[in-house]
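# Chains, contacts and geometry: an overview
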Amino acid sequence: MDALRLRPSLLSARPGAARRRDHFLPPLCSIQRNDGGRVYFSSQRTQSPPLYHNQKLLDWKSSYCRISRQSISTSINASGQQLQSEPEAHDSASIWRAISSSLDAFYRFSRPHTVIGTALSIVSVSLLAVQSLSDISPLFLTGLLEAVVAALFMNIYIVGLNQLFDIEIDKVNKPTLPLASGEYTPATGVAIVSVFAAMSFGLGWAVGSQPLFWALFISFILGTAYSINLPYLRWKRFAVVAALCILAVRAVIVQLAFFLHIQTFVFRRPAVFTRPLLFATGFMTFFSVVIALFKDIPDIEGDRIFGIRSFSVRLGQKKVFWICVGLLEMAYSVAILMGATSTSLWSKAATIAGHSILAAILWSSARSVDLTSKAAITSFYMFIWKLFYAEYLLIPLVR
């Protein structure tokens, strides 16, 4: 059929219908009107193709393609941004995890209980040189800060050096330490202890205080001889010599040298050994012996394997445990008597009450320790350090 006849009613009702439909007809078709006014649809090729309609169709196709390409591009860009942001977020999280892991490893490497003990002891002993509130001045605080920082640097050197020469032992006794666990290589450990030793001596030299510098130097010598594995050294292998090393640093050097640093270098006063200073030295002699003995109780397994003849290896854990408790109770008894002879009422009350409470807590805690459990013994050892901290809070009250 050459033509499709359309009803005029449809065209009259919708005058623009033919025009709109023609817009969507293919270029080989057209709507024509004959002489009689009849409208018909022709499928024959017309002599003049509707270029206008072809152009409109091409424009529509081009617009559609441009919109599609823009949508796809937008989606790709958005996806690309998301793909870029996810690695960036992952990288940031990885960086923070690495920083956190490094700080945690260094925290364990520095043996924080010894760092706290060193800082508290220096602050406490320095306060013994204070005679009035006017002495607590910027000059005093600066001298105290210099002493604490230099001593902490040396403390990290000493505990780090000990770990360097105890890697195999610590794999048994303290496997969470960075060198024993493999988080630090020996080269890393050597670098850390070298830097901290240099910073300690550098600061001590820059300050210019002879008591401070000699305290650092003697601590360096004893700490090195205690740990380093050379002929006639590694004194930790010998129980008595090891205890004397710890006693010399914790009981004598810390008390006397840092007191003299404040007394003679900061305050420019003559060197005097006061009653509170002598009490602190005597009390910390007992405490240092206890720490030297007790620290080997949890480590008896590794020490026995590697030939470290500690008192715990030679006498047994239980006997050494109760020797330590007895020495501390004896020290608290002396402190109570010291407080009773004080001429200051407030010092007498604080000294007697404080040491009585600590002695009671020690006895009660010691009786509940399971000596067959390494975890329980280690926990009690850390409790001993807390008593050590508490004592340095009481020492400035002794008058």
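Each chain carries its own residue numbering, running from 1 in the direction its sequence is written. With the structure being a predicted model, the display of local features is reserved for residues of pLDDT at least 70 and the display and counting of side-chain atom pairs for 80 or more, all residues being used for whole-chain, interface and lining totals. Values reported for side chains reflect all heavy atoms of the structure, with hydrogen atoms and water molecules removed beforehand.

### Some words on the packing of aromatic side chains
Keep this limit in mind: Side-chain rings of Phe, Tyr and Trp (the six-membered ring for Trp) are treated as a pair once their centres are within 6.5 Å; stacked means planes under 30 degrees apart, edge-to-face means over 60, and tilted covers the remaining angles. Runs of E in the DSSP output that reach at least two residues are strands. Runs of H or I that reach at least four are helices, and both are numbered from the N terminus. Relative accessibility thresholds used throughout: buried, under 20% of the residue-type maximum; exposed, over 50%; partly exposed, between the two (1.4 Å probe, protein chains only). Either the NZ atom of lysine or the CZ atom of arginine qualifies as a charge over a ring when it sits within 6 Å of the ring centre and within 35 degrees of the ring normal.
Counted under the stated rule, the structure contains 23 aromatic pairs. Ring centres of Phe-388 and Tyr-392 lie 5.1 Å apart, and the angle between their planes is 80°; this geometry places the pair in the edge-to-face category. In this pair, Phe-388 and Tyr-392 are both assigned in helix H16 (residues 374-394), 4 residues apart and thus about one turn of the helix distant. On the basis of relative accessible area, Phe-388 is assigned to the buried category, the value being 0%. For Tyr-392, a relative accessible area of 2% corresponds to the buried category. Ring-pair connections join several aromatic residues into one group, and the members of that group are Phe-279, Phe-283, Phe-287, Tyr-332, Trp-385, Phe-388, Tyr-389 and Tyr-392. Positioned above the aromatic ring of Phe-265 is the side chain of Arg-268, whose terminal nitrogen or guanidinium carbon lies 4.9 Å from the ring centre. The residue whose ring lies beneath Arg-269 is Phe-267, and the NZ or CZ to ring-centre distance is 4.5 Å.

### As for the UniProt feature "transmembrane region" (unreviewed entry) in the protein chain
Note the cut-off: UniProt positions are given in the numbering used here, feature names are shortened, and annotations may be inferred rather than shown by experiment.
Under the UniProt annotation, "transmembrane region" (unreviewed entry) lies at residues 115-133, 139-165, 186-206, 212-232, 239-260, 272-294, 320-339 and 375-395. With 100% helix and 0% strand, the stretch residues 186-206 has end C-alpha atoms that lie 30 Å from each other. End C-alpha to end C-alpha, residues 239-260 measures 30 Å, and it is 100% helix and 0% strand.

### Digging into helix H5 (residues 138-164)
As a reminder, the rule being used: Helix span, expected: 1.5 Å multiplied by one less than the number of residues in the helix.
The end-to-end C-alpha separation of H5 is 39 Å, in line with the 39 Å expected for 27 residues at 1.5 Å each. Of all 27 residues in H5, 19 are buried, a share of seventy percent or more.

### Section: the nonpolar core
Basically, it comes down to this: Residues enter a nonpolar core if they are buried and are Ala, Val, Leu, Ile, Met, Phe, Trp, Tyr or Cys, with the set joined through side-chain atoms within 4.5 Å.
Counting residues in each nonpolar core, the largest one holds 91 residues, and the members touching the most others are Phe-287 and Phe-380. Among the elements that take part in this core, helix H10 (residues 239-266) stands out by supplying 15 residues, more than any other.

### Quick word on the pattern of salt bridges
Selection criterion: Whenever a carboxyl oxygen of Asp or Glu lies within 4 Å of a side-chain nitrogen of Lys or Arg, that contact is scored as a salt bridge.
On inspection of all chains with the given rule, the structure shows 8 salt bridges. Notably, a salt bridge pairs Arg-269 with Asp-135, separated by 2.8 Å at the nearest N-O pair. With Arg-269 in the loop between H10 and helix H11 (275-294) and Asp-135 in the loop between helix H4 (112-127) and H5, this residue pair connects regions lying 134 residues apart in the sequence. We classify Asp-135 as buried; its relative accessible area is 9%.

### Regarding the side chain of His-355
So the rule is basically this: Contacts are residue-level and defined by heavy atoms, with any inter-residue pair within 4.5 Å sufficient.
Mapped onto the fold, His-355 is located in helix H15 (residues 345-367). If we skip the residues at most four places from it in the chain, His-355 touches Phe-279, Phe-283, Tyr-332, Ala-335, Ile-336, Glu-391 and Leu-394.

### Re the confidence of the model for the protein chain
Selection rule: pLDDT is defined as a per-residue confidence score from the predictor, taking values between 0 and 100.
Taken as a whole, the protein chain shows an average pLDDT of 83; of its residues, 78% reach a score of 70 or greater. Looking at the elements of the protein chain, mean pLDDT is at its lowest for strand S1 (residues 3-5), recorded as 42, and at its highest for helix H8 (residues 186-207), recorded as 98. The low-confidence segment residues 67-76, where pLDDT is below 50, has 0 contacts with residues more than four positions distant or belonging to other chains.

### Some words on the packing of helix H14 (residues 317-340) against H15
Here is the rule: Helix axes are fitted to C-alpha atoms over the stretch in contact, other axes to C-alpha atoms as well, and angles between N-to-C directions run from 0 to 180 degrees. Note on angle classes: values under 35 degrees are labelled roughly parallel, values over 145 roughly antiparallel, values of 65 to 115 roughly perpendicular, and the remainder oblique. The crossing is said to be left-handed when, going from far helix to near helix, the turn is anticlockwise and less than a right angle, and right-handed when the turn is clockwise. Residue polarity follows a fixed list, in which Ala, Val, Leu, Ile, Met, Phe, Trp, Tyr, Cys and Pro are nonpolar, Asp, Glu, Lys and Arg are charged, and the others, Gly among them, are polar.
Close contact between H14 and H15 brings their axes to 8 Å; oriented N to C, the two are set at 165°. Overall, the two elements H14 and H15 adopt an arrangement that is roughly antiparallel. The two elements H14 and H15 meet at a crossing, and its hand is left-handed. In contact with Phe-321, Trp-322, Val-325, Leu-328, Glu-329, Tyr-332, Ala-335, Ile-336, Gly-339 and Ala-340 of H14, H15 contributes Lys-348, Thr-351, Ile-352, His-355, Ser-356, Leu-358, Ala-359, Leu-362, Trp-363, Ala-366 and Arg-367. Looking at side-chain class alone, the contact of H14 with H15 contains 14 nonpolar, 4 polar and 3 charged residues.

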